[in-house]
Amino acid sequence: MRAVIVAITVLLTSSLALFGQQAPPSVPAAQNAAAPQSEAAKIKTLEDRVAALEAQVTALTAALTASSGAAAPAPAQQPAQPAQPGAAQPAEAQAAAAGAPSYPTPDNTTLGGATGQAKALNPDISVIGDFIGDAGHNPYSAFPSMSMHEAEVAFQSVVDPYARADFFLSFGEEGVNLEEGYLTLTALPHSFVAKVGKMRAAFGKVNTLHNHVLPWADRPLMTYNLVGGEDGINDAGVSVQRILPAPKWLFLEGTAQMFRGDSADVFTAPNKNDLSVVGHLRGYHDLTDNTNIDLGFSYSRGHNDSVPDGQNITNLYGVDATLRWKPLQRAIYHSFIARAEAVWSEREELDFERKAFGWYTSADYQLGRRWFVGGRYDWSDHQRNSAHDSGGSFILTYLPSEFAQIRGQYRNTRYGMFANVPGETPGSNINPFRTNELLMQVQFAIGAHGAHPF
Amino acid sequence: MTQAIKRTIFFLALTIAFTLVASPIAEAKKLNIMTSTTDLAALTQEVGGDKVDVESIARGYQDPHFVEAKPSFLLKLRRADLLVVVGLDLEIGWLPPLITQSGNPKIQPGGAGYLDASQFAEILEKPSGQVSRAMGDVHPLGNPHYWLDPSNGRRIAQGIAEKLSQMDPGDRAYFTQRLDDFNKRLAEAEKRWDSEMAPFKGRKVVTYHKSWPNFAKRFDLNVVEYIEPRPGIPPSPSHTLQLIAQMKRDNVKTILVEPYFDLKTPNSVASATGAKVVVMLPSVGGTPDVTNYFQLFDHDMKLLVDAFNATK
């Protein structure tokens, strides 16, 4: 920019200097008898010079616009036609003269939106606060009576023409955790999309979701019991996904992921080679403009901690189904989502393989622009013993605006537990432990948070 | 090599095999164009004629702020040569993940097949000074509903024609000719619209959302207030009472509502003030009979003129 301004200045100055040098020869002519004529000639020369300079300035401005790209506000003149300062007006004049209706563009109109100069090359930054209160007696609950459960800080931006980066840092009350941080390669051949970094694995639906997009304050029992709890299968590695060939009515996508092998209490990797893998196949179909169905099959495999050397394997199989309804013309007022997800776990232990199963189903209905009501049923085996838990929730959510939400959740859980209850033999099934709780959640977002995948 | 790695390699090989099977069949000559909204599709169609296949992601009767990023759109975006967007963060809630997941390098922002139409248009309501969400869902880059001024329609069409000519230089003459034809028809239509609106210059109206600044400026309407207390914030009782008082005081008799908003509040305001509610279309395709850029204005003008006449 500055270079161009300097160039223009130099050009103008040198032109004037040149003009100054050329002027003297015309002075003697002016002293002759034909003085008025030479005055006119002089003015003509000046006019010509001005026209030439105008042309140069237009050309330079056009070059400047071209080089600075679309971000710069376009100059008033048509940049595509440099060095023709007078050409546009005669054309319009002709059109007007020919009687054709003409609505010329006002020349002083600034085109284009405001340029977000303030944030120039900074990434989009946002913070999402998640406050959870938990009333009721439940020794197994993940939530204390009140907690600033999470502050998710996101930095998101394009890296270069071939990639973008997304970072999600989860600040708890006591520590920081890189929830996700990955590079997405968007310009790979053959429509591949690859990710490198730490990410939530594409195992089922709920495992991929951040806390603030969940329709509940907590996560299903299945997640806590079989898929690593709140963090879930979340590990460092690489991911490749691609839309697969399928009939026109079907969207089919395959994802293959390879991770280091450390994910909460699901997978551990005592050896460098103890990698874990995740595969996901997703089918999606629009039943109508308003209704669609989404099916997923997931597989994951990694080493578990049943023996210290990590020789034992855990296999996880998952199925998920989502039915969505949203009337397009009243999209902001009404919607309905039903989900169900099931996970089978096969965990090699010291001398046998322990099988476990868990599932949940939930439904959410949007009553109006700001109100959502929902319910969820949970059932899940424990991964490491023969007991199982079950429970149900009723959820009411209110959104003062797009950027805040208040949620109440009544949760009833039946824990089929044993070991942590004082006075009982570890590993034995005892009478279930029933809890009733009221969860209160307040979530609020500031800054520019990028949209989440559907 | 562990079993895990073997398995992963198997998965990858499988995916690559699928890819090769799916290699695109020889492309037809037509440019494959996706737009975020129907208005951009309509303008692209005007210029591109039968040299292009155009489809919009959003429907004309949908709120363009809240479109679902359905995976079925990925199937179309994946094959697009060009993606034309409104920009100014209008689509920020749904388009970026679609673009990222499309696996189509051409339509990534900054790519040769990504065209932000806002660069060609006159943008109003660019906020100056501090911008915060206390103002509601403001658009820091300016009001994105800019296509509702025919002058901007003309500018966008020219920008699209230039882009199409770059992508398909062999048909430059064809696109230029179609652009000229479009401009001529638009100029004639503007004469008609101007004369239709001439008796109502300076009429005071209330609109639901800030969708109409360009339209109001072009056709000399005076938007005095909004049903929404702030952009994107649903109507509140206190604001509605104030609005009714103001409409009575200023004698405002027309309420413009976009087809995707609930009519409850506008209707109750109308019955309290004797005003008329007009469901104006902000986009082509808002009703099935509005299929191009001209019909959009014809349709809206007719509704407006009828409403203005009915309320003196």
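Reading the values: the criteria
Residues numbered from 1 in each chain as written. Chains lettered and ligands numbered in written order. Predicted model: local features only at pLDDT ≥ 70, side-chain atom pairs only at ≥ 80, totals over all residues. Pairing = 2+ DSSP bridges. Helix = DSSP H or I, 4+ residues; strand = E, 2+ residues; numbered from the N terminus. Axes fitted to C-alpha atoms, helices over the stretch in contact; angles between N-to-C directions. Contact = placed C-beta atoms within 7 Å. Parallel < 35°, antiparallel > 145°, perpendicular 65-115°, else oblique. Nonpolar A, V, L, I, M, F, W, Y, C, P; charged D, E, K, R; others polar. Domains from an automatic or database assignment. Expected span 1.5 Å × (residues − 1). Buried ≥ 20, exposed ≤ 12 C-beta atoms within 10 Å, placed from the backbone.

Some details on the sheet that holds strand β1 (residues 31-35) of chain B
Residue and element names in this part refer to chain B.
So, step 1. Pairing in this open sheet of 4 strands is parallel, and the strands run β2-β1-β3-β4 from one edge to the other. The open sheet has two edge strands, β2 (52-56) and β4 (114-116), and neither has a second partner. Across the sheet, the mean angle from the axis of one strand to that of its neighbour is 20°, orientation sign disregarded.
So, step 2. Sitting on the sheet, helix α2 (residues 38-48) is in contact with β1, β2 and β3 (82-85), with an inclination near 170° to β2.

Concerning the packing of helix α5 (residues 150-167) of chain B against helix α6 (residues 172-197) of chain B
Axes are the key here: two packed helices are described by the angle between their axes and the distance separating the axes.
All names here are of chain B.
So, step 1. Two elements in contact, α5 and α6, have axes whose closest approach is 9 Å; the angle formed by their N-to-C orientations is 175°. Considering the angle they form, α5 stands roughly antiparallel to α6. For the pair α5 and α6, the contacting residues are P150, G153, R154, A157, Q158, A161, L164 and S165 in the first and R172, F175, T176, L179, F182, N183, L186 and E190 in the second.
So, step 2. Classifying every residue of the contact of α5 with α6 by side-chain character gives 8 nonpolar, 5 polar and 3 charged.

What about the domain arrangement of chain B?
Residues and elements named next belong to chain B.
So, step 1. Domains assigned within chain B are domain 1 (1-122 + 149-197) and domain 2 (198-310).
So, step 2. Between domain 1 and domain 2, the C-alpha centre-to-centre distance is 30 Å.
So, step 3. In this complex, domain 1 contributes 23 residues to the contact, which on the side of domain 2 involves 20 residues.
So, step 4. Counting only elements with at least two residues in the side of domain 1 that touches domain 2, the list comes to α2, α5 and α6.
So, step 5. No other element matches α6, which puts 7 residues into the side of domain 1 that touches domain 2.
So, step 6. Split by residue class, the side of domain 1 that touches domain 2 holds 7 nonpolar, 8 polar and 8 charged.

As for unusual backbone geometry
Across residues other than glycine, the phi torsion is negative in most instances, and most of the peptide bonds are trans.
Residue and element names in this part refer to chain B.
So, step 1. We note that L88 has phi near 55°; this positive angle belongs to a residue other than glycine.
So, step 2. One can find L88 in the loop between β3 and α4 (95-101).
So, step 3. Residue D220 is not a glycine yet carries a positive backbone phi of 60°.
So, step 4. Relative to the helices and strands, D220 resides in the loop between α7 (213-218) and β6 (222-226).

Overview of the interface of chain B and chain A
So, step 1. Each side of the interface is counted separately: chain B has 67 residues, and chain A has 59 residues.
So, step 2. Elements that contribute at least two residues to the side of chain B that touches chain A include exactly α1 (3-21), α3 (71-78), α4, α5 and α6 of chain B.
So, step 3. In terms of residue count, α1(B) provides more of the side of chain B that touches chain A than any other element does, 10 residues in total.
So, step 4. A per-class count over the side of chain B that touches chain A returns 30 nonpolar, 20 polar and 17 charged.

Topic: the sheet that holds strand β5 (residues 204-207) of chain B
All names here are of chain B.
So, step 1. If you walk across this open sheet you meet the 4 strands as β6-β5-β7-β8, and the pairing is parallel. Looking at strand neighbours, the two that pair on one side only are β6 and β8 (276-279), the edges of this open sheet. Each neighbouring strand pair of the sheet contributes to a mean axis angle of 35°, computed without reference to strand direction.
So, step 2. Here β5 runs beside strand β7 (residues 254-257); their pairing, made up of 2 bridges, is parallel. Along β7, the bridge assignment pairs V206 with I255.
So, step 3. Contacting β7 and β8, helix α10 (residues 293-310) runs over the sheet at an angle of about 175° to β8.

Focus: α5(B)
So, step 1. The terminal C-alpha atoms of α5(B), which comprises 18 residues, lie 25 Å apart, in line with the 26 Å expected from a rise of 1.5 Å per residue.
So, step 2. α5(B) sits mainly inside the fold: 14 of its 18 residues count as buried.

Quick notes on the environment of S268(B)
Residue and element names in this part refer to chain B.
So, step 1. Locating S268 in the fold gives a position in helix α9 (residues 264-273).
So, step 2. According to the C-beta neighbour criterion, S268 is partly exposed, with 13 such atoms within 10 Å.
So, step 3. Sequence separation between S268 and R178 is 90 residues; the distance between their C-alpha atoms is 46 Å.

Observations regarding the pairing of strand β6 (residues 234-244) of chain A
All names here are of chain A.
So, step 1. Along β6, 9 of the 11 residues are buried, which leaves the element largely enclosed by surrounding structure.
So, step 2. Bridge count for strand β5 (residues 193-200) against β6 is 8 bridges, and the pairing is antiparallel. Looking across to β6, one finds that M199 is bridged to D235.
So, step 3. In this sheet, strand β7 (residues 251-259) lies alongside β6 in antiparallel orientation, the contact comprising 8 bridges. Across the sheet, the residue bridging to V238 is M258, located in β7.
So, step 4. The antiparallel pairing of β6 with β7 creates a hairpin that spans 6 residues between the two strands.

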